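Observations on the model geometry
Spelled out, the chains give:
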Amino acid sequence: SQTIHQWPATLVQPVGSPLSLECTVEGTSNPNLYWYRQAAGRGLQLLFYSVGIGQISSEVPQNLSASRPQDRQFILSSKKLLLSDSGFYLCASTDRNTEAFFGQGTRLTVV
Amino acid sequence: GEDVEQSLFLSVREGDSSVINCTYTDSSSTYLYWYKQEPGAGLQLLTYIFSNMDMKQDQRLTVLLNKKDKHLSLRIADTQTGDSAIYFCAARVGSGNTGKLIFGQGTTLQVKP
């Protein structure tokens, strides 16, 4: 099975500062990778997904961007954080098998 | 379009059965999943069903799929207080490795002793 490493677990950043969240995957190759955001008390919103290196699909217009420099590495970034970027960010991976695997999440608070 | 919808809240008494419902719009959905999220934690896969199946049972969990109505349900038998959590329905839209995973907004299950 896959293992998803996501860090950091918690992050407090000031408004206007940059962001970089990293996700790496073990146990598979050529997975689909996803970034989701969960605002407090809300559901999971798909932000980005990637079917391969350098291939990124953005699902919602926003202040964030994603990159996939390697097959099993997915990075979520922002040049200038907004208060509304606060939330719980989850990285996920799927492959040809049935199950989707999730990281433990990063709780981002923008102050 | 791709959309997955769930009711937001369900309250049951300990020992009763819980039924959480979900509808999805994309008929190309291949796999349908139920995930559990406890407070402050990530997502835990509970069970999944392939789109050519009608039912899947796994211990206290029963998943029913009505493909015609695009309706999925999760039944938890003998619900315990430890089952209190948010339950997410998800649909894998598209085929093979190119499919996207779309989540519902989650159903908060409250189990009263």
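Residues numbered from 1 in each chain as written. Chains lettered and ligands numbered in written order. Predicted model: local features only at pLDDT ≥ 70, side-chain atom pairs only at ≥ 80, totals over all residues. Heavy atoms only, no water.

**Let's talk about the overall build of chain A**
Scanning chain A from terminus to terminus reveals zero helices and eleven strands. When its helices and strands are written in sequence order, chain A yields β-β-β-β-β-β-β-β-β-β-β. In terms of overall size, chain A behaves like a compact globule, its C-alpha atoms giving a radius of gyration of 13 Å where 111 residues would be expected to give roughly 13 Å. Expressed along its principal axes, the backbone C-alpha trace of chain A runs to roughly 40 × 25 × 20 Å. Taking all 111 residues of chain A together, 51% fall into the buried category. Summarising the internal contacts of chain A: among those between residues at least 6 apart in sequence, 53% fall at separations of at least 24. Each charge class in chain A was averaged separately, 8 positive and 7 negative side chains, and the resulting centres sit 9 Å apart. (Helix = DSSP H or I, 4+ residues; strand = E, 2+ residues; numbered from the N terminus. Rg over C-alpha atoms; globule rule 2.2 N^0.38 Å. Buried < 20%, exposed > 50% of the residue type's maximum accessible area, 1.4 Å probe, protein only. Contact = heavy atoms within 4.5 Å. Lys, Arg positive; Asp, Glu negative; His and termini not counted. Charge placed at Lys NZ, Arg CZ, Asp CG, Glu CD.)

**Comments concerning the pairing of strand β2 (residues 10–13) of chain A**
Residue and element names in this part refer to chain A. Here β2 shows one buried face, formed by Leu11 and Gln13, and one open face, formed by Thr10 and Val12. In this structure, β2 lies alongside strand β11 (residues 106–110), joined through four bridges in parallel fashion. Across the sheet, threonine 10 pairs through a bridge with arginine 107, a residue of β11. (Pairing = 2+ DSSP bridges.)

**Thoughts on the sheet that holds strand β1 (residues 3–7) of chain A**
Residues and elements named next belong to chain A. Strand order in the open sheet formed by four strands is β1-β3-β8-β7, with antiparallel pairing between adjacent strands. A single partner strand is all that each edge strand has here, and the edge strands are β1 and β7 (65–70). Here the strands of the sheet are splayed against their neighbours by 20 degrees on average, with no regard to which way each runs. Note that strand β3 (residues 19–26) and strand β8 (residues 73–78) share six bridges and pair antiparallel. From the neighbouring strand, cysteine 23 faces β8, where its bridge partner is phenylalanine 74. (Axes fitted to C-alpha atoms, helices over the stretch in contact; angles between N-to-C directions.)

**With respect to the side chain of B:Gln6**
Relative to the elements of secondary structure, B:Gln6 occurs in strand β1 (residues 4–6). If we ignore the near neighbours within four places in the chain, the residues touching B:Gln6 are B:Ile20, B:Asn21, B:Cys22, B:Trp34, B:Tyr87, B:Phe88, B:Cys89, B:Gly104, B:Gln105, B:Gly106 and B:Thr107.

**Side note on the interface of chain B and chain A**
Contacts between chain B and chain A engage 22 residues on the former and 26 residues on the latter. Taken over both partners, the interface formed by chain B and chain A buries close to 1,800 Å², and the fraction arising from carbon and sulfur atoms is 53%. One can count one salt bridge joining chain B with chain A. Linking B:Lys100 and A:Glu59 is a salt bridge whose minimum nitrogen-to-oxygen distance equals 3.2 Å. Counting across the interface, chain B meets chain A through four residue pairs in polar contact (both at pLDDT 80 or more). Only β4 (29–37), β5 (43–50), β9 (85–93) and β10 (100–103) of chain B provide two or more residues apiece to the side of chain B that touches chain A. Classifying every residue of the side of chain B that touches chain A by side-chain character gives eleven nonpolar, nine polar and two charged. (Buried area = accessible area lost by both parts, 1.4 Å probe. Salt bridge = Lys/Arg side-chain N within 4 Å of Asp/Glu carboxyl O. Polar contact = N/O pair within 3.5 Å; in protein donor to acceptor, adjacent residues only side chain to side chain. Nonpolar A, V, L, I, M, F, W, Y, C, P; charged D, E, K, R; others polar.)

**Observations concerning the nonpolar core**
Among the nonpolar cores identified, the biggest contains 41 residues, and A:Tyr36, A:Phe102, B:Trp34, B:Leu72 and B:Phe103 are the most heavily contacted of them. The element that contributes the greatest number of residues to this core is β9(B), accounting for seven residues. Discounting chain neighbours no more than four positions away, the residues touching B:Phe103 are A:Tyr36, A:Leu44, A:Phe102, B:Val4, B:Tyr35, B:Leu43, B:Phe88, B:Cys89 and B:Ala90. (Core = buried A, V, L, I, M, F, W, Y, C linked by side-chain atoms within 4.5 Å.)

**Brief notes about the sheet that holds strand β6 (residues 55–58) of chain B**
Residue and element names in this part refer to chain B. Read across the open sheet, the five strands follow the order β1-β3-β8-β7-β6; overall the sheet is antiparallel. The sheet is open, and its two borders are formed by β1 and β6, each paired with just one other strand. The mean inter-strand angle of the sheet, taken between neighbouring strand axes irrespective of direction, is 15 degrees. Alignment of strand β7 (residues 61–66) against strand β8 (residues 71–76), held across six bridges, turns out to be antiparallel. The residue of β8 that forms the bridge with valine 63 is leucine 74.

**Here we look at unusual backbone geometry**
In the segment running from A:Trp7 into A:Pro8, the intervening peptide bond is cis, with an omega of -5 degrees. Topologically, A:Pro8 is positioned in the loop between β1 and β2. The backbone of A:Asn30 sits at a positive phi, close to 50 degrees, despite the residue not being glycine. Its place among the elements puts A:Asn30 in the loop between β3 and β4 (32–38). Taking the relative accessible area as the measure of exposure, A:Asn30 reaches 40% and is therefore partly exposed. Positive phi values are uncommon outside glycine, yet B:Asp78 reaches one of about 50 degrees. Along the chain, B:Asp78 turns up in the loop between β8 and β9.

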